[in-house]
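Observations on the three-dimensional arrangement
One letter stands for each residue in the lines below.
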Amino acid sequence: ENIVGRRAQPGAHPVRVVILAHRDTKSSALPTLVPAVVVLMTVAWVLAVTVAAGVTLLRGGAAVPGAAVILPTAFGVAGLLVAVAFNPSGDRSVGAMDNATGLAVLLHAARELPKRTELREVDLTFLCTGAEELGLAGALRWIQAHAAELDPARTVFVNVDSVGVGRLLLAVDVRGRAPGGRALATVVREAARRAQVPLRLLPFLPGAGVDSMPIGARGFATVTILGQVFGGAAGRIHTARDTIEHLNEEGLQHAARLVEEIVRQAAAS
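Residues numbered from 1 in each chain as written. Predicted model: local features only at pLDDT ≥ 70, side-chain atom pairs only at ≥ 80, totals over all residues. Heavy atoms only, no water.

Section: the nonpolar core
Burial of nonpolar side chains together is a common tendency in soluble globular proteins. Among the nonpolar cores identified, the biggest contains 36 residues, and V17, I19, L113, V158, L184, I225 and L258 are the most heavily contacted of them. Taken together, the elements giving at least two residues each to this core come down to β2 (16-22), α3 (96-112), β5 (123-129), β6 (155-161), β7 (169-175), α5 (184-195), β9 (221-226) and α7 (249-268). Membership of the second largest hydrophobic core comes to eleven residues, among which are L20, A139, W142 and I215. (Core = buried A, V, L, I, M, F, W, Y, C linked by side-chain atoms within 4.5 Å. Buried < 20%, exposed > 50% of the residue type's maximum accessible area, 1.4 Å probe, protein only. Helix = DSSP H or I, 4+ residues; strand = E, 2+ residues; numbered from the N terminus.)

Take a look at the structure:
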């Protein structure tokens, strides 16, 4: 189930900003980093074999060099993919990083942003999604139900996920344009500069999906704000070691300031 709060604005076509964070968590037999690495390695392996086969055929060869190595490797890769596909889940993780941190930023935004006089004409929606760990189902169902009432040219989605890790923030799944026509990536960079928080934009998102993906796929401007989850923290996500002792308070404060500034910049576009 999704939980939604809204400060609606009457009148024609206000800028609408939807801030979202998922409220579910899980544990799994394999830490999140393992499936991500396996998938990326599989893609790289398939590309390498395809290129090798293409080069061999262009040179008039009848077989791919090293076929005796490729076949056993293929069975090994297939075995890893099967292990990832049947990675059993449970509820041993308390979810401090994933995603109590995102919920903390969401609740802070819901409490503070409606007080900002410069945002009084912005239609603010605070969306707490369920079932993110089950195929992003909460976000998917919400956008299916509400896409028709939203103007893609005047709507921005800011997703907050696992931000209390390190000082640096990551912006992923950045797509679309903010109201006024500026690329959302430009808006996010400017927001980070004004909020004085360290930020790095990633051109792609390896590994698991995030709630902004089914929304961006429908043509809406989206960004997901993450903490430094691609380092050692990846080994704690979806495990019993995802506890509050590993969180970074400064990183949480950075995320809260960045989200507020993104909303301000989107409203001013």
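Brief notes about the sheet that holds strand β8 (residues 199-201)
Taking strand neighbours across the sheet as the criterion, the seven strands line up as β1-β5-β2-β6-β9-β7-β8 in an open arrangement whose pairing is mixed. The two strands at the open ends of the sheet, each matched to only one other strand, are β1 (3-7) and β8. The sheet shows a mean angle of 20° between the axes of neighbouring strands, direction not considered. Summarising the sheet, β7 and β9 pair through four bridges and their orientation is antiparallel. What sits directly across from L170, in β9, is L226. Its contacts with the sheet put helix α4 (residues 137-146) on β1, β2, β5 and β6, and the angle it makes with β5 is roughly 140°. Against the sheet, α5 contacts β6, β7, β8 and β9, and its axis sits at roughly 165° relative to β8. (Pairing = 2+ DSSP bridges. Axes fitted to C-alpha atoms, helices over the stretch in contact; angles between N-to-C directions. Contact = heavy atoms within 4.5 Å.)

Describing the pairing of β7
Of all seven residues that make up β7, five are buried, and the element is covered over most of its length. When β7 meets β8, the two strands line up parallel, connected through three bridges. Each bridged residue has a counterpart across the sheet, and for A171 the counterpart in β8 is L201. Running through α5, the crossover from β7 to the neighbouring parallel element β8 is right-handed. (Right-handed = clockwise from strand over helix to strand, strands pointing away.)

Quick look at the pattern of salt bridges
Applying the stated criterion across every chain, the model contains 14 salt bridges. R16 serves as the salt-bridge partner of E149, at 3.7 Å between the closest nitrogen and oxygen. Residue E149 is located in the loop between α4 and β6, and its partner R16 is located in strand β2; the two are separated by 133 residues in the primary sequence. Looking at R16, the relative accessible area reads 8%, which means it is buried. Of the charged contacts in the structure, one is a salt bridge between R264 and E118, with a shortest N-O distance of 2.7 Å. (Salt bridge = Lys/Arg side-chain N within 4 Å of Asp/Glu carboxyl O.)

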